[in-house]
Each structure stands twice: as structure tokens, then as C-alpha cells.
Amino acid sequence: SRRSPTRFRRTLQCGSADGKTRSLLLRAEVRPAGKLSHCAHNRTHEICKGEHRFVVRDSGPAGGEKGYCADCAAQMLDASQTQVQDLRGALEDE
């Protein structure tokens, strides 16, 4: 039997710095609203056409997306930043 020369060749050494860094914000972006819409966090907040909207896509192949107004998005990002700081602190304490 013949062995393929590429079958047993490693393409990335273990512990190499060439690995891809994972992002914690996998499915979030800011884009202008295409039409009048309402914030997913507070339905009384309107997002007018052309205003910036914070969009979070749900995971999975059939995942939809939710749009948030700038005020609610700022609160969400502040809370997330606090969580990241707590995680960083826990790593540094160890």
C-alpha cells in the first residue's frame, strides 16, 4: 500500500502563534436602518430610516436578526464590557 505524502504532514505545529484568534462578538454589527423599525429591547424606541442600528444575528442556519436603538445598544455594550473586565480580572488573579 502507498502512503500519501500529504496525509501525514502537519500543517500547523501545536502551540503555534499562527492560530486564528476567536472573537467574542461573533454576530454583531452597526448599520443604517433601511426603514422605520422598533428596538428589540424596548418596543417604544423607534429607529428611523437611516439611523444607526445595532444588529445582532442569532446563531444557527435559520437565525434571524434583532435590531437595537443606540441607547439600548450602549447599555448592552457597557454590560458586556463589564463582563469582559471581570473575566480578565479572574484570569489575572490565577
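Scroll up a little and you will see the structure.
It should be emphasised that the depicted structure is a prediction, and the values quoted were computed from it without experimental measurement.

## Things to note about the pattern of salt bridges
Then comes step 1: Applying the stated rule across the entire model yields three salt bridges.
Then comes step 2: Residue Glu65 is joined to Arg31 by a salt bridge in which the shortest nitrogen-to-oxygen separation is 2.3 Å. Here the residue Glu65 occupies a position in strand 5 (residues 65–68), and Arg31 occupies one in strand 1 (residues 28–32), the gap between them amounting to 34 residues.
Then comes step 3: Its relative accessible area of 38% is what places Glu65 among the partly exposed residues.
Then comes step 4: Residues Glu65 and Arg53 are paired through a salt bridge, measuring 3.6 Å at the closest nitrogen-oxygen approach. With Glu65 in strand 5 and Arg53 in strand 4 (residues 52–57), this pair connects stretches of sequence that are twelve residues apart.
Then comes step 5: Members of the salt-bridge network, linked through shared partners, are Glu29, Arg31, Arg53 and Glu65.

Rules and cut-offs
- Residues numbered from 1 in each chain as written.
- Predicted model: local features only at pLDDT ≥ 70, side-chain atom pairs only at ≥ 80, totals over all residues.
- Heavy atoms only, no water.
- Salt bridge = Lys/Arg side-chain N within 4 Å of Asp/Glu carboxyl O.
- Helix = DSSP H or I, 4+ residues; strand = E, 2+ residues; numbered from the N terminus.
- Buried < 20%, exposed > 50% of the residue type's maximum accessible area, 1.4 Å probe, protein only.

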